[in-house]
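Examination of the molecular architecture
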Amino acid sequence: MTTSERPESEPSDVERARVDLERRTRRSFAVGAVAAASGLGAWAWLRNASTVGGLPWPIRRVLEGNQVLAESAFRSDRLAPTFPASLAKMPRVNGRIGLESPLDPADWRLRVLAPDTNRRLGEYGFDQLLALPRVEFTAELKCVEGWSTIVRWAGVRLIDFAAAFGFGTRDGAPPDPVGHPANLFRYVGFATPDREYYVGYDVASAFHPQTLLCYEMDGRPLSPEHGAPLRLFASVKYGYKLIKRIGTIWFSDRRPADFWAEQGYDWYAGH
Ligand SMILES: Nc1nc2c(c(=O)[nH]1)N[C@H]1C(S)=C(S)[C@@H](COP(=O)(O)O)O[C@H]1N2
Ligand SMILES: [Mo]
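Residues numbered from 1 in each chain as written. Chains lettered and ligands numbered in written order. Predicted model: local features only at pLDDT ≥ 70, side-chain atom pairs only at ≥ 80, totals over all residues. Heavy atoms only, no water.

1. Brief notes about the overall build of the protein chain
- Regarding its fold elements, the protein chain presents six helices and 12 strands.
- Looking at the 271 residues of the protein chain, the share that counts as buried comes to 47%.
- Taking all contacts inside the protein chain whose residues are at least 6 apart in sequence as the whole, residues at least 24 apart take part in 67%.
- Carbon together with sulfur atoms contributes 53% to the accessible area of the protein chain, which is approximately 13300 Å² in total. (Helix = DSSP H or I, 4+ residues; strand = E, 2+ residues; numbered from the N terminus. Buried < 20%, exposed > 50% of the residue type's maximum accessible area, 1.4 Å probe, protein only. Contact = heavy atoms within 4.5 Å. Areas by Shrake-Rupley, 256 points an atom, 1.4 Å probe, with all protein chains shown as cover.)

2. Overview of unusual backbone geometry
- Each neighbour pair has its own omega, and for Ala-228 with Pro-229 the value is 0°, a cis peptide bond.
- Relative to the elements of secondary structure, Pro-229 occurs in the loop between strand S10 (220-221) and strand S11 (231-234).
- Unusually for a residue other than glycine, Arg-245 sits at a positive phi of about 55°.
- For Arg-245, the position within the fold is in the loop between S11 and strand S12 (248-252).
- For Arg-245, a relative accessible area of 6% translates into the label buried.
- Its identity is not glycine, yet Ala-269 carries a phi of approximately 55°, on the positive side.
- Judged by relative accessible area, which is 1%, Ala-269 ranks as buried.

3. Considerations on the site of ligand 1
- Every one of the 20 residues lining ligand 1 counts as a neighbour, but Arg-92, Ile-97, His-226, Arg-231 and Lys-244 are closest to it.
- In the environment of ligand 1, an oxygen atom lies 2.6 Å from a nitrogen or oxygen atom belonging to the backbone of Arg-92.
- Backbone polar atom of Ile-97 to a nitrogen atom of ligand 1: 2.7 Å apart, as the coordinates give it.
- In the complex, 97% of the free accessible area of ligand 1, which totals 530 Å², lies under the protein chains.
- For the shell around ligand 1, a count of residues per class yields 11 nonpolar, five polar and four charged. (Near = heavy atom within 4 Å. Polar contact = N/O pair within 3.5 Å; in protein donor to acceptor, adjacent residues only side chain to side chain. Nonpolar A, V, L, I, M, F, W, Y, C, P; charged D, E, K, R; others polar.)

4. Observations concerning the sheet that holds strand S8 (residues 198-202)
- Strands sit in the order S4-S3-S12-S7-S8 across an open sheet of five strands; the sheet is mixed. The outermost strands of the open sheet, each flanked by one partner alone, are strand S4 (120-124) and S8. Across the sheet, the mean angle separating the axes of adjacent strands is 20° when strand polarity is ignored.
- Sheet analysis places strand S3 (residues 110-113) next to S4, joined by four bridges and oriented antiparallel. Looking at S4, one finds that Leu-110 is bridged to Tyr-124.
- Where helix H5 (residues 158-165) meets the sheet, its contacts fall on S3, S4, strand S7 (187-191) and S12, and the angle it forms with S12 comes to roughly 80°. (Pairing = 2+ DSSP bridges. Axes fitted to C-alpha atoms, helices over the stretch in contact; angles between N-to-C directions.)

5. Structural notes on the side chain of Lys-244
- Among the structural elements, Lys-244 can be located in the loop between S11 and S12.
- No salt bridge is formed by the buried Lys-244; the nearest opposite charge belongs to Glu-225, separated by 8.4 Å.
- Reaching out from Lys-244, the side chain makes a polar contact with the backbone oxygen of Asn-94 at a distance of 3.2 Å.
- Among all residues touching Lys-244, those that are not within four sequence positions of it are Val-93, Asn-94, Gly-95, Leu-99, Thr-192, Glu-225, His-226, Gly-227, Leu-230 and Arg-231. (Lys, Arg positive; Asp, Glu negative; His and termini not counted. Salt bridge = Lys/Arg side-chain N within 4 Å of Asp/Glu carboxyl O.)

6. Focus: the nonpolar core
- In this structure, Trp-153, Phe-161, Phe-190, Leu-213 and Ile-249 are the most contacted members of the largest nonpolar core, which totals 53 residues.
- The contacts of Trp-153, once residues within four sequence positions are left out, are Val-135, Glu-136, Phe-137, Ala-139, Leu-141, Leu-212, Cys-214, Glu-216, Met-217, Arg-231 and Phe-233. (Core = buried A, V, L, I, M, F, W, Y, C linked by side-chain atoms within 4.5 Å.)

See the structure below:
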């Protein structure tokens with residue numbers, strides 16, 4: 001396997017977390033089971049339920065339940081399973097929002113913005129990212145539409161980028177999620193250069209060791225459809241959080257807007 005720095009997962013820990021998660025997920029879905037058993041039929045029951053945030057409230061409840069349990073089960077030392085690179089494939093191209101306008105790679109910069117303004121705190125070229133420690137591992141891309149693909153990812157850990165340039169913390173010191181969590185801004189936002197697609201992360205997920213500013217899939221530079229020159233990969237999030245063609249990043253205490261959360265999907269989107 002050609003991994004430069006592959007996080008090793010601890011099967012027992014991961015397995016324990018998963019069993020815990022599944023047990024609690026089943027419990028939240030029991031809300032729906034009660035309706036199905038009532039003779040009303042789950043569908044009719046859902047259709048008649050009032051909506052909250054664009055979703056019938058029982059679905060909203062399950063999603064919120066999942067957020068609570070995913071956050072509590074989530075610890076940054078719990079790594080998602082990794083796979084041998086020989087099992088990796090390229091996923092299909094899914095989602096082109098924010099990729100429609102032409103992009104000259106030579107002009108591309110990663111811009112870090114001040115919280116809640118468009119003021120630029122820093123601007124970085126691709127070479128500056130390449131100069132940071134490269135991390136490569138093979139892990140699953142999971143789309144909520146119901147498919148998943150094992151993919152070989154390479155890039156820079158977001159936490160390493162933040163540490164290198166003094167972002168993510170109130171005092172500019174390197175982020176220390178375990179030792180000094182209060183020093184971290186609570187959220188990280190990302191947007192495409194045209195701002196058409198945008199995602200928000202809780203800082204624990206953003207600074208997870210398997211969250212990458214990703215510049216390679218399957219051992220090759222990203223294609224435009226997969227988000228060249230830079231996209232996100234996070235092993236703890238569903239595909240819709242893995243924004244392609246990142247233009248801007250901001251660290252903030254205000255929860256950033258999220259394209260699919262605005263359409264009624266779960267904001268947290270952990271799995
Ligand atoms: N800019 C942008 N990023 C995006 C999307 C999108 O529409 N626009 N779709 C998301 C969704 S829903 C998924 S499943 C993944 C798919 O990544 P892939 O096209 O590399 O397979 O990209 C995510 N990132
Ligand atoms: Mo997706």
